[in-house]
Amino acid sequence: MPCCAPLPSEDPETIGKAKAIQDELARAGVLLDAARPHEALEIAEAQLTVARALEHPPALADAAYEVGRALIEIGAASSSIAQMPCCVKPGTSRSSQDDTCRAECMDGAGPPLRPAKLRQGDGISPRREGIFSDRALGERPCAAGPRAPRDWHLCSLGGRTEDAERTLRDAVDLAEKNEVGAMLRADGWRLLAGVLRERGRFAEAREAFETVAQIERDTLGEEHPRLASTKHDHALFLLEQGDTGGARRLLQQAIAIHARALADDDLRRSRPLTALGILEDSQERYAESLSAHEQALAVQLRAVGDGDLLTVRSRGHIAQALLMLRRMEDAGTQLDLYEQGIDRHLDALPRDRALACKLRGQWWIARADRAQAIATLTRGRALVEGSRGDPLDLAEIHWLLSRAYLESGARDQVRGRMFAGSARALFAAGGSAGERRERALDGWLRAAR
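A brief report on the enclosed structure follows.

Basis of the calculations
Residues numbered from 1 in each chain as written. Predicted model: local features only at pLDDT ≥ 70, side-chain atom pairs only at ≥ 80, totals over all residues. Heavy atoms only, no water. Helix = DSSP H or I, 4+ residues; strand = E, 2+ residues; numbered from the N terminus. Buried < 20%, exposed > 50% of the residue type's maximum accessible area, 1.4 Å probe, protein only. Contact = heavy atoms within 4.5 Å. Areas by Shrake-Rupley, 256 points an atom, 1.4 Å probe, with all protein chains shown as cover. Phe/Tyr/Trp six-rings, centres within 6.5 Å; stacked < 30°, edge-to-face > 60°. Lys NZ or Arg CZ within 6 Å of the ring centre and 35° of its normal. Core = buried A, V, L, I, M, F, W, Y, C linked by side-chain atoms within 4.5 Å. Salt bridge = Lys/Arg side-chain N within 4 Å of Asp/Glu carboxyl O. Polar contact = N/O pair within 3.5 Å; in protein donor to acceptor, adjacent residues only side chain to side chain. Axes fitted to C-alpha atoms, helices over the stretch in contact; angles between N-to-C directions. Parallel < 35°, antiparallel > 145°, perpendicular 65-115°, else oblique. Nonpolar A, V, L, I, M, F, W, Y, C, P; charged D, E, K, R; others polar. Expected span 1.5 Å × (residues − 1). Left-handed = near helix turned anticlockwise from the far one by under 90°.

**A look at the overall build of the chain**
Scanning the chain from N- to C-terminus turns up 19 helices and zero strands. Burial statistics for the chain: of 449 residues in total, 59% are counted as buried. A separation of at least 24 residues holds for 67% of the contacts in the chain among residues at least 6 apart in sequence. As presented, the chain carries roughly 17,800 Å² of accessible surface, and 50% of it is formed by carbon and sulfur atoms.

**With respect to the packing of aromatic side chains**
The geometry of two aromatic rings is summed up by the distance between their centres and the angle between their planes. Tallying each qualifying case throughout the model produces six aromatic pairs. On the numbers, 6.2 Å between centres and 85° between planes, the contact of W399 with F427 is edge-to-face. One end of the pair, W399, is in helix α17 (residues 391–406); the other, F427, is in helix α18 (residues 413–428), with 28 residues separating them in the sequence. Residue classification places F427 among the buried positions, given a relative accessible area of 1%. Taken together, the ring pairs in this structure connect F202, F209 and F237 into an aromatic cluster. The cationic tip of R360 hangs over the ring face of W363; the distance from NZ or CZ to the ring centre is 4.7 Å.

**Examining unusual backbone geometry**
One non-glycine residue with positive phi stands out, namely E284, at about 60°. Of the residues examined, E284 reaches a relative accessible area of 32% and is grouped as partly exposed.

**Re the nonpolar core**
By size, the foremost hydrophobic cluster in this structure holds 58 residues, and its most contacted members are L168 and W189. It is helix α3 (residues 57–78) that provides the largest number of residues to this core, a total of 11 residues. Listed in part, the 44 residues of the second largest apolar core include L290, L322, L359 and A404.

**Things to note about the pattern of salt bridges**
Tallied over the full model, the rule gives 27 salt bridges. With its nearest N and O atoms 2.9 Å apart, the salt bridge here joins D352 to R313. Of this pair, D352 sits in helix α15 (residues 350–366) while R313 is found in helix α13 (residues 309–324), placing the two residues 39 residues apart along the sequence. Just as D352 is buried, R313 falls in that class too. With a shortest N-O distance of 2.9 Å, D330 and R327 are connected by a salt bridge. Accessibility expressed as a relative area gives 37% for R327, which makes it partly exposed. Salt bridges sharing partners connect three or more residues here, namely R190, E216, R226 and D233.

**What about the side chain of R190?**
As for its position among the elements, R190 is in helix α7 (residues 182–198). R190 gets classed as buried once you look at its relative accessible area, which sits at 7%. Separated by 2.9 Å, the side chains of R190 and D233 make a polar contact.

**Some words on the packing of α7 against helix α9 (residues 225–240)**
In contact at an axis separation of 12 Å, α7 and α9 are set at 10° when each is read in the N-to-C sense. Looking at the two axes, α7 sits roughly parallel to α9. From α7, M183, A186, D187, R190 and R197 reach across to α9, where they touch R226, S229, T230, D233, F237 and E240. Residue classes in the contact of α7 with α9 are distributed as three nonpolar, two polar and six charged.

**Some remarks on helix α16 (residues 370–386)**
Structural remark: α-helix, 3.6 residues per turn; residues separated by three or four positions point the same way. Helix length check: α16 (17 residues) gives 24 Å between terminal C-alpha atoms against 24 Å at 1.5 Å per residue, within 8%. Residues of α16 that are buried include every one of A373, I374, T376, L377, G380 and V384, and no others. The inward-facing, buried residues of α16 abut α15 and α17. Directly beyond the C-terminal end of α16, a positive phi value near 55° is found at R388.

**Focus: helix α10 (residues 244–261)**
Between its first and last C-alpha atoms α10 spans 25 Å; for 18 residues at 1.5 Å apiece the expected length is 26 Å, and the two agree. Looking only at α10, the buried set comprises T244, G246, A247, R248, L250, L251, A254, I255, I257, H258 and A261. Looking at the buried side of α10, the elements it contacts are α9 and α11 (270–282).

**With respect to the environment of Y405**
Take Y405: it is sitting in helix α17. As a C-alpha pair, Y405 and M418 span 13 residues in sequence and 9.9 Å in three-dimensional space. Discounting chain neighbours no more than four positions away, the residues touching Y405 are I374, D412, Q413, R415, G416 and F419.

**Examining the packing of α15 against α17**
One can describe the packing of α15 onto α17 by two numbers: an axis separation of 10 Å at closest approach and a directional angle of 25°. Relative to α17, the element α15 is oriented roughly parallel. Here α15 and α17 pass one another in a crossing that is left-handed. Taken together, the residues of α17 that come into contact with α15 (itself represented by R351, A354, K358, Q362 and I365) are D393, E396, I397, L400, R403 and A404. Its residues assigned to classes, the contact of α15 with α17 comprises five nonpolar, one polar and five charged.

What follows is the structure in structure tokens.
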């Protein structure tokens, strides 16, 4: 957080008090980075009271910002619904997401994160990363199925979304009225976009994202990596709302900016590529999905090496696209690498292992080994159910089990149709995200009769 600039009429005593507020807010920031948001909130709220009494607008803006950020972090840490995950299906509401994602991608949780290769002067404060940081957004996207990363958005705030919105609006209003640093204003609007989205006020959230982008264009220019990150965040929001065309356009713009502004081994380049690959998969554009994931993997290999869990997960994406393109030999090679990587990583999550089972089961079906397929898919089913995983993940596995049983002979027809009915019900309950798969399942069932 930039230090409060003294106002022209300030006396030395006021300047000293404003500096003391900044010192305390810096301490709150350290506590936030140490995953101690309740202590940080106590300090930030105390300094907000002091800044109000001092009538010092820049200090008020900074303190209000820190209060809002602490409220968000408290919600992220305590949400019973665990809503800071890695991915979202186009058109899927927050309430339909699974409980395991937060551990995969939430900043400060899950596997240890490697520091991104950041360039100096990229406009991102190292302390004001929070949930929209390059680290949180880019270095741990999940490879768990045909979905788009959604680690950018907020958790449930435990009933304090109204408090977070109020303090963040105070922060941006004060920053705008008193010409406080542009990046503070952008950060405030960025967090506010997430709060508004969390409260179901999607039109206002869209406007907030557009405000962030405009501030960054005016301040940093059209070719800055920070603007690319905002386009990425905005794309994920649009994807959640079912606007795949708008999301694709923003992701392509972010990819183009990164290609011009960042080094070949900068991990940030992989973020919009991975998101685009998952978006294309969800639209059954498997060749385009494969291309995007292969480009993302190339960046990741240069940035963090082949043993990193991030590159392992990208191989899962690639294996999935190859299976859908019926390139079975190439799919088998990538699937071997994915399974070996998952086995090496003790911090791999049930979703990773369930995806490996799903893909391997699909591969066994293509090779007409139904017994192996059923055994593998049954393990995947147990992993999803045991971890309270995403119902749409379970639907995909049930569909594959249905295929394996129905193709195994007359004695397994009843079980096969039971799994087909279960898959259809799960897809139907998944909203627009499940509609395409439900139609595909119905078509397959008609052809199988």
